[in-house]
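Results of the structural survey
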Amino acid sequence: MASFYVQVPSIVRGFSLCASSNGAPSTTQQGGPIVLELPLDKIKRPLMRTRANDPHKVKELMDSIQEIGLQVPIDVLEVDGAYYGFSGCHRYEAHQQLGLPTIRCKIRRGTKDTLRHHLR
């Protein structure tokens, strides 16, 4: 079992933390998004690219990720246990090119209607 120390500003009255040993979000999540590492191959990217990623931006992100890690997680929608990424294309590609198996994601749950809305 892992131990960790969390320093929280005094204005915060309470918070909850959910995680599992396999990196999947807890099924008891009740609120806003959670941040977890997900395997890249578990994130579906359903939208066809309308333009290529800027290779210079991807390279800069690769350098930054190697030096200080990913600073801003990508947004991921979880629907019925499947993960869908609609943003963070440059960060996602930088992780791919670096050969990293996982990426930090801000995961929020949604319905099939929410997913359909993103696919429009």
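Residues numbered from 1 in each chain as written. Predicted model: local features only at pLDDT ≥ 70, side-chain atom pairs only at ≥ 80, totals over all residues. Heavy atoms only, no water.

1. Description of the pairing of strand 1 (residues 34-39)
- Along strand 1, the buried face is formed by Ile34, Leu36 and Leu38; none of Val35, Glu37 and Pro39, which line the opposite face, is buried.
- In terms of strand pairing, strand 1 meets strand 5 (residues 102-109) through six bridges, oriented antiparallel. The residue of strand 5 that forms the bridge with valine 35 is lysine 106. (Buried < 20%, exposed > 50% of the residue type's maximum accessible area, 1.4 Å probe, protein only. Helix = DSSP H or I, 4+ residues; strand = E, 2+ residues; numbered from the N terminus. Pairing = 2+ DSSP bridges.)

2. Examining the pattern of salt bridges
- Enumeration according to the criterion identifies six salt bridges in this entry.
- The closest approach of N and O atoms between aspartate 75 and lysine 106, which form a salt bridge, is 3.5 Å. Here lysine 106 lies in strand 5 and aspartate 75 lies in strand 3 (residues 74-79), a separation of 31 residues in the sequence.
- Residue aspartate 75 is classed as partly exposed on the basis of its relative accessible area, which comes to 36%.
- Ionic pairing is found between arginine 109 and glutamate 78, a salt bridge with its closest N-O pair at 2.8 Å. Separated by 31 residues along the polypeptide, arginine 109 in strand 5 and glutamate 78 in strand 3 bring together distant segments of the chain.
- Note on arginine 109: relative accessible area 35%, which makes it partly exposed.
- You can call glutamate 78 buried: its relative accessible area is 8%. (Salt bridge = Lys/Arg side-chain N within 4 Å of Asp/Glu carboxyl O.)

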